[in-house]
Amino acid sequence: MLIALLVMSVLALILGAVLGFSALKFHVEGNPLVDKIDAILPQTQCGQCSFPGCKPYATAIAAGEADINRCPPGGEEGIRKLAELLNLEFKPFGEDTAATKPKSVAVIDEYTCIGCTLCIQACPVDAISGAAKQMHTIIESECTGCELCIAPCPVDCIIMVPIQENITTWKFRYPSASNPSAANNMAKLS
Amino acid sequence: MRKLYHFNGGVHPPTHKEQSTQSPIVQAGLPSRLVVPLHQHAGNCAKPAVKVGDRVLKGQLFGMPEGSVSSAVHSPTSGTVTAIDMQVVAHPSGLPDLCITLTPDGLDEWIPRVKTDYLTTTPEELRKLLKLAGVVGLGGAVFPSDLKLRPGKKKVKTLVLNGAECEPFITCDDMLMRERADEIVQGAEMLRHMLDADEVLIGIEDNKPEAIAAMQLAVSASSYRKLEVVAVPTIYPGGGAKQLIRVLTGIEVAAGMRSTDLGVQCFNVATAYSAHRAIAHGEPLISRIITVAGNVQHAQNFEALIGTPVHELVALAGTKTGTTAYIMGGPMMGVQLPSDKVTVTKATNCIIASSPALFPPPPPELPCIRCTRCVEVCPAELQPQDLYWFSKSRNFGKAQEFNLFDCIECGACSYVCPSNIPLVQYYRFAKSEIWANEREKDSADIARERHEFHLLRIEREKQEKAEKLALKEKAARAAKEAATKSQAEGSNSDTTTIEALRAQVREIARPETEVPKE
Amino acid sequence: MFSPFITHAGSVREIMFKVLLALTPGIAIYAWYFGPAILISITLASLTALATEAVMLKLRQRPVLPFLRDNSALLTAWLLALSIPPLAPWWLVVVGTMFAISISKHLYGGLGSNPFNPAMVGYAVLIISFPSHMTSWIAPQGMGQLELGFIDQLQYIFAGLLPNGVSLDAVSMATPLDNLKTHLHSGHAMAEIVKEPIYSYLGGRGSEMVALAYVAGGAYLLANRIITWHLPVTFLLALFATAGLFHLADASHYAPPLFHLFSGAAMLGAFFILTDPVTSPTTIRGKFIFAAGAGFLTYVIRVFGGFPDGIAFATLLMNICVPLIDAYTQPKVFGKKGNK
Ligand code: SF4
Ligand code: SF4
């Protein structure tokens, strides 16, 4: 048994190193267009675009296999940026795409959580910590709001909470449309 | 006469400064309650250094500076800490921020104050002292002063002391110069000493003859020979740091540039005063001069403790009916306060009680007619009409290309625009969107990295599983072989080996429950 | 509410009003020399402009009143009326104004968004569509074979009727610019041509006085800082220089530069048309390029082109270039000039 463990850890180490190395290498030689597209995508990793993450979607866009209007978290702003990068026409979200939601984070109701670890496996950015049979928590700053952990939870104890503005993230609003031309000009622009 | 330089544009709004300069500075005294925000300066929020229920002394540390760009916050008087919580602060958002609430005990009992001789202390220690005394720029930007005193790439030739005070209504620096010129001059000499500057030019707009005279007297009475009071033309925004540096030295400090790298630095007169109090008297920054003006009975200047509620301060000047809002700062760059219950901070140089009669709402906004009046007045030499166009159409990349971040938000362009376009508001909107985009980009980068690591981990685990499977099979095969062998040998004594092998198989096949470590 | 909380008194309405005011001396002298027909066409144009503006604002679902009060439509109307012959059928000025306001102003987004000077677009459309109506100008006082009274002018404008036995030729004549061109084409030399009575010291009789009144109006605008000197001065200099060069090279075929400055719509163009802020560059260097280009083109079109005057087409041609000019003449901002 000891030997097996040893062999395994050594193997894991080597494999990890090889993989890490190849990832680095891949990164260097990566398709720059894919990277540019990936840089625009919000990295929510939610899969709403029907691809298993932002990078695969970026790869598909670069290969011309996917439309630029598939990413709800990126919003119309994201489509606009993609359109600009790829010299395409802006394309609004289709009927079948989910609506863009306010940016949220997942919160686990720690009293209900049974510690099944299913959410941990679902999280694309490893933002959930906890061990088997122990209550889990979500590291708020790392959560991308992808909602992938919600479905697997057998006791429905995860909810999405919209991120509240605080004094540092507060933004000046678009100047109010209480006057005649601001509103009109917006209408004209779009 | 010293040669003065010129900056582009500028405007001449009515100054309204006479009202609040009729009487001397009044001590505002102890309010019923003081709410001191921990984030009163540019940079990181200070970390609370007291607990609820603590009895604190005047000048005791409330908040410890956190990181290099931060500053300390102190107790404005002696009393008991009654809360450390989120409260609405003097900020245009109207959002709450971390504050310490102090109930004064009326004793006003100081901490032991340690005097420092600046001549025998190294500049580095003095900078630390200023940081721990919470000295920040009192002109409105509240940038930690110790950071501005760090040596730059070039030896500092000129230290500019800003007493221009160009915004209408505000007279706190004017009154401070009239009444406490000696201490300002001493503070200026300390700052000069720390920077090892060759000269100190004290720029005061020529509509403040009393202040100029008082400062000149203080300079000539002092033993310092490198100080000079310079009257500068009255024009808004001539009191902007960049503009005053330009007028006095001809140097233009571009946006995002450290002025010490160009051999010049600029401090507000009130900051020099506070530096002097901190170094020579051991008093941290716990009060400041605040002009209360606008729709009040007697506009005047108060020396108020940081954390004094705005309504209590305004009451001292006599409230008047018709006041609909309070503005912190001047009418050109000030912010409307979310309520009169918020408290004054180190950034509060003026409180204007505003009424529709005083500041009538602007006529309806019309489209830009490209008249370039805004270009003519822009002190940053921008093309405000282009910035407006790009900001309005959310073309932020283009706005940045057209130097959006060089805009000092002085409001001169909005002031002259015949179409009454709230230009600066569009710039503020664009700037905060760009900052938000940057924050989002940063967190997207982190998410990307974490996701890549996640994929890597999954891949690794898969590999491991495959390895394990292979091992398991091998072990099973070995067990089988052993069993057949032992059977063939007809011996029963080897069951222990088989048991051991079985256990090994079970061990390997155990379900994976490993959890990623944080 | 956000800062700044105070604004400088001054509005689009006031700016446009001052420009209108600055036009009045020119109009008065115009009426004095050429009869009251100009007043009729200005009134017609004004009414049409306001009505069209209101309809367009309604159609575009904009608030009507604030925009109607900004005086910009009136200014377009006046400039157009001043550019076309006053003795023309009423529908000419109406059609021109309607086109200027609806197509070239509102279809491009209304006040502030039109790339071309609306009055000049109106003028261009008219001269292309109805060239014959656009060349019969009233002869100045004491110059025509016959003079029409106010009633006669009214009758002609609205009903196309002239008093018995009077032909249009008898009361109208070519403008000095036109006249010059025709004569030069038929081989006359400059020295002979200018002896004709329609020429005066500076330009054409009567029209030179109108031009001088425009200069006075322009001075008023400069003094009130409604316009800056860059555009008019550069334009006039460029026109003067181009004309001067040709005149120096061949004085018998090219009119003296002063003649060009005081003929046609040169002064109107310099102080009132080119200076339309919406359709001119915003950078100082851009203004120089724009005005110099317009001055040069004006001369070229006048002398070598087929149209009687070059201001309108020169303006429109330069209008097209404005975005480009602006993009290439962005000045360096505070602190970013020297060193790097
Ligand atoms: S002052 Fe106003 S109308 Fe004039 S160019 Fe600037 S933004 Fe446009
Ligand atoms: S607010 Fe900005 S753009 Fe406007 S005048 Fe001031 S610096 Fe220039």
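Note that the coordinates shown come from a computational prediction; the quantities given were computed from them, not determined experimentally.

J.: Describe in detail the overall build of chain C, supporting the description with residues and values.
T.: In terms of regular secondary structure, chain C is built from 16 helices and 2 strands. The C-alpha radius of gyration computed for chain C amounts to 21 Å, which stays within 12% of the reference 20 Å derived for 340 residues, consistent with globular compactness. Per-residue burial for chain C yields a buried fraction of 56% across its 340 residues. Pairs at least 24 apart in sequence give 76% of the contacts found in chain C among residues at least 6 apart.

J.: Go over the site of ligand 2, please, and point to the residues and values.
T.: All names here are of chain B. Looking at ligand 2, there are 14 residues lining it, with Cys378, Cys407, Cys410, Gly411 and Cys413 nearest. Taken together, the elements giving at least two residues each to the shell around ligand 2 come down to helix H12 (412-416) and helix H13 (423-489). Along the lines of polarity and charge, the residues of the shell around ligand 2 split into 12 nonpolar, 1 polar and 1 charged.

J.: Describe the sheet that holds strand E11 (residues 227-232) of chain B, with residues and values.
T.: Strand pairing in a sheet takes place through backbone hydrogen bonds and is either antiparallel or parallel in direction. All names here are of chain B. Pairing is parallel in the open sheet, where 4 strands are placed in the order E11-E10-E9-E12. Either end of the sheet is taken by a strand with one partner, and the two such strands are E11 and strand E12 (264-268). The average angle at which neighbouring strand axes cross in this sheet is 25°, direction not considered. Pairing between strand E9 (residues 158-162) and strand E10 (residues 199-205): 5 bridges, direction parallel. For Asn162, the partnering residue across the bridge sits in E10 and is Gly203.

J.: An account of the pattern of salt bridges is needed here, citing residue identities and associated values.
T.: One pass over the full model with this rule turns up 43 salt bridges over all chains. A salt bridge links Asp67 of chain A to Lys91 of chain A; the nearest nitrogen and oxygen atoms lie 2.8 Å apart. Residue Asp67 of chain A is found in the loop between helix H3 (54-62) and helix H4 (75-86), and its partner Lys91 of chain A is found in the loop between H4 and strand E1 (104-108); the two are separated by 24 residues along the sequence. On the basis of relative accessibility, which here comes to 33%, the residue Lys91 of chain A falls in the partly exposed class. Note that Lys398 of chain B is salt-bridged to Glu401 of chain B, the shortest N-O span being 3.2 Å. In this pair, Lys398 of chain B and Glu401 of chain B are both assigned in helix H11 (residues 396-401), 3 residues apart and thus about one turn of the helix distant. Using a relative accessible area of 30% as the deciding quantity, one classes Lys398 of chain B as partly exposed. Here the salt bridges do not stand alone but share partners, grouping Arg2, Lys157, Glu199 and Glu228 of chain B into one network.

J.: Which residues make up the interface of chain C and chain B, and what values do they have?
T.: With 38 residues of chain C at the contact, the number on the chain B side is 47 residues. By the criterion of area lost to chain B, the three top residues of chain C are Phe5, Ile6 and Phe334 of chain C, representing 22% of everything that side buries. At the junction of chain C and chain B, the tally comes to 2 salt bridges. Residue Asp406 of chain B is joined to Lys336 of chain C by a salt bridge in which the shortest nitrogen-to-oxygen separation is 2.8 Å. Along the contact surface separating chain C from chain B lie 17 residue pairs in polar contact (both at pLDDT 80 or more). Going through the elements one at a time, helix H1 (12-34), helix H3 (64-68) and helix H16 (311-328) of chain C are the ones with two or more residues in the side of chain C that touches chain B. For the side of chain C that touches chain B, the class distribution of residues is 18 nonpolar, 12 polar and 8 charged.

J.: Any details on the side chain of His74 of chain B? Residues and values, ideally.
T.: Residues and elements named next belong to chain B. With respect to the helices and strands, the residue His74 is situated in strand E6 (residues 73-74). There is a polar contact of 2.7 Å between the side chain of His74 and the backbone oxygen of Leu132. Beyond its immediate sequence surroundings of up to four residues, His74 is in contact with Val36, Gly59, Gln60, Leu61, Phe62, Leu132, Ala133, Gly134, Pro284 and Ile286.

J.: Could you give me a rundown of the domain arrangement of chain C, with the residues and numbers involved?
T.: Residues and elements named next belong to chain C. As far as domains go, chain C holds domain 1 (8-173) and domain 2 (188-329). Domain 1 and domain 2 are separated by 20 Å when their C-alpha centres are compared. Opposite the 31 residues of domain 1 that make contact, domain 2 presents 29 residues. Summed over both sides, the interface of domain 1 with domain 2 buries roughly 2600 Å², with 81% coming from carbon and sulfur. Summed over the shared surface of domain 1 and domain 2, the number is 0 salt bridges. On the surface where domain 1 and domain 2 come into contact, there are 2 residue pairs in polar contact (both at pLDDT 80 or more). Elements supplying a minimum of two residues to the side of domain 1 that touches domain 2: H1, helix H4 (72-83) and helix H6 (118-129). Of all the elements, H1 adds the most residues to the side of domain 1 that touches domain 2, at 12 residues. By residue class, the composition of the side of domain 1 that touches domain 2 is 24 nonpolar, 6 polar and 1 charged.

J.: Which residues make up a nonpolar patch on the surface, and what values do they have?
T.: Residue and element names in this part refer to chain C. The grouping of Leu222, Trp229, Val233, Leu237, Ile284, Phe288 and Ile289 at the surface amounts to a nonpolar patch, some 600 Å² of accessible area in total. Looking at the nonpolar patch, the elements with two or more residues in it are helix H12 (230-249) and helix H15 (284-304). Broken down by element, the nonpolar patch gets its largest block of residues, 3 residues, from H15. Along the chain, Phe288 turns up in helix H15.

J.: For the packing of aromatic side chains, give the residues involved together with the corresponding values.
T.: This model, assessed by the stated rule, comprises 20 aromatic pairs over all chains. Geometrically, the ring pair formed by Tyr214 of chain C and Phe272 of chain C is edge-to-face, given 6.0 Å between the ring centres and 65° between the ring planes. With Tyr214 of chain C in helix H11 (residues 207-223) and Phe272 of chain C in helix H14 (residues 266-273), this pair connects stretches of sequence that are 58 residues apart. A relative accessible area of 5% means that Tyr214 of chain C is categorised as buried. Taken together through their ring pairs, the aromatic side chains of Tyr174 of chain A together with Tyr388, Phe396, Tyr426 and Phe429 of chain B make up a single cluster. Seen from the ring of Phe90 of chain A, Arg80 of chain A lies directly overhead, with NZ or CZ sitting 4.8 Å from the centre. Note that Lys148 of chain B overlies the ring of Phe267 of chain B, its terminal NZ or CZ placed 4.7 Å from the centroid.

J.: How would you summarise the sheet that holds strand E13 (residues 287-294) of chain B if you had to cite specific residues and measurements?
T.: All names here are of chain B. The 6 strands lie next to each other as E1-E14-E13-E17-E15-E16, forming an open sheet whose pairing is mixed. For this open sheet the edge positions go to strand E1 (26-27) and strand E16 (335-336), each flanked by a neighbour on one side alone. The strands that helix H3 (residues 172-179) touches are E13 and strand E14 (300-305); relative to E13, the one it contacts most, it runs at about 125°.

J.: Account for the environment of Ile421 of chain B, naming residues and giving values.
T.: All names here are of chain B. Mapped onto the elements of the fold, Ile421 is located in the loop between H12 and H13. Accessibility expressed as a relative area gives 2% for Ile421, which makes it buried. In this structure, the C-alpha to C-alpha distance between Ile421 and Thr372, residues 49 residues apart in sequence, is 13 Å. In this view, Ile421 contacts Glu365, Leu366, Pro367, Cys368, Tyr388, Ser414 and Tyr426; residues no more than four positions away in its chain are not counted.

J.: So what's going on with the site of ligand 1? Residues and values would help.
T.: If you check the shell around ligand 1, you find Cys368, Ile369, Arg370, Cys371, Thr372, Cys374, Gln385, Cys417, Pro418, Ser419 and Leu423 of chain B and nothing else. When the residues that make up the shell around ligand 1 are grouped by side-chain class, the tally is 7 nonpolar, 3 polar and 1 charged.

J.: Give a description of the packing of helix H2 (residues 32-40) of chain A against H4 of chain A that names residues and reports values.
T.: All names here are of chain A. Orientation of H2 relative to H4, taken along the N-to-C sense of each, is 160°, at an axis distance of 9 Å. Taken together, H2 and H4 sit at an angle that is classed as roughly antiparallel. Pair H2 / H4 crosses with right-handed handedness. Of H4, the residues touching H2 (which contributes Leu33, Lys36, Ile37 and Ile40) are Gly78, Lys81, Leu82, Leu85 and Leu86.

J.: Give me the lowdown on the pairing of E13 of chain B, citing residues and values where you can.
T.: Within a regular beta strand, the side chains point alternately toward one face of the sheet and then the other, so they alternate between its two faces. Residues and elements named next belong to chain B. Of all 8 residues in E13, 7 are buried, a share of seventy percent or more. Here 6 bridges tie E13 to E14, and the two strands are oriented antiparallel to one another. Counterpart to Ile290 in the pairing with E14 is Phe302. Pairing between E13 and strand E17 (residues 350-354): 4 bridges, direction parallel. Each bridged residue has a counterpart across the sheet, and for Ala293 the counterpart in E17 is Ile352.

J.: Give a detailed account of the confidence of the model for chain A, specifying residues and quantitative values.
T.: Low pLDDT means the predicted atomic positions in that stretch should not be read closely. Residues and elements named next belong to chain A. Taken over all residues, the pLDDT of chain A has a mean of 78, while the share at 70 or more is 78%. For chain A, the element scoring lowest by mean pLDDT is helix H6 (residues 180-189), at 37; H3 scores highest, at 90. Note that residues 178-190 has pLDDT below 50 and, in this model, 25 contacts with residues that lie over four places away or in other chains.

J.: Explain the nonpolar core residue by residue, including any values.
T.: For soluble globular proteins, nonpolar side chains are generally found buried alongside one another. Membership of the largest hydrophobic core comes to 91 residues, with the highest contact counts inside it found for Leu23, Leu82, Tyr214, Phe235, Leu268 and Phe272 of chain C. No other element matches the 11 residues that H1 of chain C contributes to this core. If we ignore the near neighbours within four places in the chain, the residues touching Leu23 of chain C are Leu75, Trp78, Leu79, Leu82, Tyr214, Leu268 and Phe272 of chain C. Membership of the second largest hydrophobic core comes to 87 residues, among which are Val292, Ala304, Val310 and Ala317 of chain B.

What counts, and at which threshold
- Residues numbered from 1 in each chain as written.
- Chains lettered and ligands numbered in written order.
- Predicted model: local features only at pLDDT ≥ 70, side-chain atom pairs only at ≥ 80, totals over all residues.
- Heavy atoms only, no water.
- Helix = DSSP H or I, 4+ residues; strand = E, 2+ residues; numbered from the N terminus.
- Rg over C-alpha atoms; globule rule 2.2 N^0.38 Å.
- Buried < 20%, exposed > 50% of the residue type's maximum accessible area, 1.4 Å probe, protein only.
- Contact = heavy atoms within 4.5 Å.
- Near = heavy atom within 4 Å.
- Nonpolar A, V, L, I, M, F, W, Y, C, P; charged D, E, K, R; others polar.
- Pairing = 2+ DSSP bridges.
- Axes fitted to C-alpha atoms, helices over the stretch in contact; angles between N-to-C directions.
- Salt bridge = Lys/Arg side-chain N within 4 Å of Asp/Glu carboxyl O.
- Buried area = accessible area lost by both parts, 1.4 Å probe.
- Polar contact = N/O pair within 3.5 Å; in protein donor to acceptor, adjacent residues only side chain to side chain.
- Domains from an automatic or database assignment.
- Patch = residues over 30% accessible without salt bridge, like charges linked within 9 Å, V, L, I, M, F, W, Y side chains within 5 Å.
- Areas by Shrake-Rupley, 256 points an atom, 1.4 Å probe, with all protein chains shown as cover.
- Phe/Tyr/Trp six-rings, centres within 6.5 Å; stacked < 30°, edge-to-face > 60°.
- Lys NZ or Arg CZ within 6 Å of the ring centre and 35° of its normal.
- Parallel < 35°, antiparallel > 145°, perpendicular 65-115°, else oblique.
- Left-handed = near helix turned anticlockwise from the far one by under 90°.
- pLDDT = per-residue confidence, 0-100.
- Core = buried A, V, L, I, M, F, W, Y, C linked by side-chain atoms within 4.5 Å.

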